Amino acid sequence: MNSPAYVSIIIPTYNRKETLLKCLKSFESQSYPLDEFEVIVVDDGSGDGTFQLVEEYSKKSKIKIIIIAQKNSGPGLARNLGVQNSAGEILGFTEDDITIDAKWIANAVRYISSNDVDG
């Protein structure tokens, strides 16, 4: 049996630590194996303590969270920085103000794996 694809989820953020925390918590409920994905948060120069909050949260989280800081340059460059620091065979992107369904990663991987999808 093949092992699951490793997935990197990239989340740019700017001064939205409260909604970002809810977003990160929703990743802990994934049906996809928790050791088969990473969440990369790129802090786009926040001044509200976002970096520190994610850094502390990652220490006690069940999932792998990587926090990267950049000078405020916008979400596009933040996403690119996340990609440059990712280890995943599959990359996923989301915003910092959403929560995801427990099958979000598993469904995406299943679809991509069975349909010869590139994006």
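Summary of the structure given here.

A surface patch of nonpolar side chains, about 220 Å² in accessible area, is lined by V83, L91 and F93. Turning to its location among the elements, V83 is positioned in helix α3 (residues 75-84). V83 gets classed as partly exposed once you look at its relative accessible area, which sits at 30%.

All right, on to the nonpolar core then. L24, F27 and V39 are the most contacted members of the largest nonpolar core, which totals 23 residues. Mapped onto this core, the elements with two or more residues apiece are β1 (7-13), α1 (17-27), β2 (37-44), α2 (50-60), β3 (64-70) and α4 (104-114). For this core, the element with the highest residue contribution is α1, accounting for five residues. Sequence-distant contacts of L24, that is, excluding residues within four places in its chain, are made with I11, V39, V41, V54, Y57, I63 and I65.

Our next topic: the pairing of β3. Two elements, β2 and β3, share seven bridges in a ladder whose sense is parallel. Among the inter-strand pairings, V42 is bridged to a residue of β3, identified as I68. Crossover handedness for the path β2 to α2 to β3: right-handed.

Examined against the element boundaries, S8 turns out to sit in strand β1. There is a polar contact of 3.3 Å between the side chain of S8 and the backbone nitrogen of A87. At a separation of 2.8 Å, a polar atom in the side chain of S8 contacts the main-chain amide nitrogen of G88. Non-local contacts of S8, meaning those with residues more than four positions away in its chain, are made with E38, I40, S86, A87, G88, I90, L91 and G92.

The next subject is the sheet that holds β1. Within the open sheet, the four strands sit side by side as β3-β2-β1-β4. Their pairing is parallel. Taken across any chain shown, the strands that pair with only one partner, and hence form the sheet edges, are β3 and β4 (90-93). Between one strand axis and the next, the sheet turns through 20 degrees on average, direction left out of account. Where β1 lies against β4, four bridges are found, and the strand directions are parallel. By the bridge assignment for β4, I9 is matched with G92. Strands β1, β2 and β3 of the sheet are contacted by α1, whose axis makes an angle of about 170 degrees with β1. Along the sheet face, α3 touches β1, β2, β3 and β4 and points at about 150 degrees away from the line of β1.

Calculation criteria
- Residues numbered from 1 in each chain as written.
- Predicted model: local features only at pLDDT ≥ 70, side-chain atom pairs only at ≥ 80, totals over all residues.
- Heavy atoms only, no water.
- Patch = residues over 30% accessible without salt bridge, like charges linked within 9 Å, V, L, I, M, F, W, Y side chains within 5 Å.
- Areas by Shrake-Rupley, 256 points an atom, 1.4 Å probe, with all protein chains shown as cover.
- Salt bridge = Lys/Arg side-chain N within 4 Å of Asp/Glu carboxyl O.
- Helix = DSSP H or I, 4+ residues; strand = E, 2+ residues; numbered from the N terminus.
- Buried < 20%, exposed > 50% of the residue type's maximum accessible area, 1.4 Å probe, protein only.
- Core = buried A, V, L, I, M, F, W, Y, C linked by side-chain atoms within 4.5 Å.
- Contact = heavy atoms within 4.5 Å.
- Pairing = 2+ DSSP bridges.
- Right-handed = clockwise from strand over helix to strand, strands pointing away.
- Polar contact = N/O pair within 3.5 Å; in protein donor to acceptor, adjacent residues only side chain to side chain.
- Axes fitted to C-alpha atoms, helices over the stretch in contact; angles between N-to-C directions.

In short, the description is geometric, and any link to function would need to be established separately.
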